[in-house]
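Summary of structural features
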Amino acid sequence: MKLIIINGPNLNLLGKRETDVYGDQSFQDFFTKLQFKHKTIELEQFQSNIEGELIDKLQEVGYSYDGIILNAAAYTHTSVGIGDAVKAIETPVVEVHISNTFSREDFRHKSYISPNAKGIVLGFGLQSYELALQSFLTNEQ
Ligand code: DQA
């Protein structure tokens, strides 16, 4: 089972950024623990602040990996291009958000990813990523 977590803009600042909303753990710390817990999965991560790089990565992995866990961050709410990429590729995408975007500003209620996502996990802090990962394991059985 080969999975990748793809993170969008500003998620490289987790642990330092708006800690009241996103928590005080860095993504690298969280990811190292996640890999340790799920040793049987080939688990990778990729982060970019650049919309086109996120699209390039979706295209690169989207025909060979078993699953993509995508937190497109602010681009979730603005990017037709990332939405189209999710629609184009074959690998299933689970959309993830750390915060409950529906309890926040109105502009965060719109997602260009959701219509073509296999499922959505949001509002559980960094645990949202692990719940998304588990959804791929459950479907394997
Ligand atoms: C986020 C929610 C987005 O609205 C925001 O722009 C982010 C992070 C989340 O994980 O809660 O950067 O995707």
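Above: the structure in question.
Structure report, in brief.

What counts, and at which threshold
- Residues numbered from 1 in each chain as written.
- Predicted model: local features only at pLDDT ≥ 70, side-chain atom pairs only at ≥ 80, totals over all residues.
- Heavy atoms only, no water.
- Near = heavy atom within 4 Å.
- Polar contact = N/O pair within 3.5 Å; in protein donor to acceptor, adjacent residues only side chain to side chain.
- Areas by Shrake-Rupley, 256 points an atom, 1.4 Å probe, with all protein chains shown as cover.
- Nonpolar A, V, L, I, M, F, W, Y, C, P; charged D, E, K, R; others polar.
- Pairing = 2+ DSSP bridges.
- Helix = DSSP H or I, 4+ residues; strand = E, 2+ residues; numbered from the N terminus.
- Axes fitted to C-alpha atoms, helices over the stretch in contact; angles between N-to-C directions.
- Contact = heavy atoms within 4.5 Å.

In the region of the ligand, the neighbouring residues are Arg17, Tyr22, Asn71, Ala73, Ala74, His77, His97, Ile98, Ser99, Thr101, Arg104 and Arg108. Between Asn71 and the ligand, the recorded distance is 2.8 Å, taken from a side-chain N or O atom to an oxygen atom. The separation between an oxygen atom of the ligand and a polar side-chain atom of His97 is 2.8 Å. Burial of the ligand by the protein amounts to 99% of the accessible area it has alone, namely 320 Å². The class makeup of the residues in the shell around the ligand is 4 nonpolar, 5 polar and 3 charged.

Another aspect to go through is the sheet that holds strand β4 (residues 93-97). Strand order in the open sheet made by the 5 strands is β2-β1-β3-β4-β5, with parallel pairing throughout. Looking at strand neighbours, the two that pair on one side only are β2 (42-47) and β5 (119-122), the edges of this open sheet. For this sheet, the mean angle separating the axes of adjacent strands, direction not counted, is 20°. Examined bridge by bridge, strand β1 (residues 2-7) and strand β3 (residues 67-71) share 5 bridges and lie parallel to one another. Across the sheet, Ile5 pairs through a bridge with Ile69, a residue of β3. Each of β1 and β2 is contacted by helix α2 (residues 27-37), which is oriented at about 170° to β2, the strand it contacts most. Relative to the sheet, helix α3 (residues 51-61) contacts β1, β2 and β3, its axis offset from that of β1 by approximately 170°.

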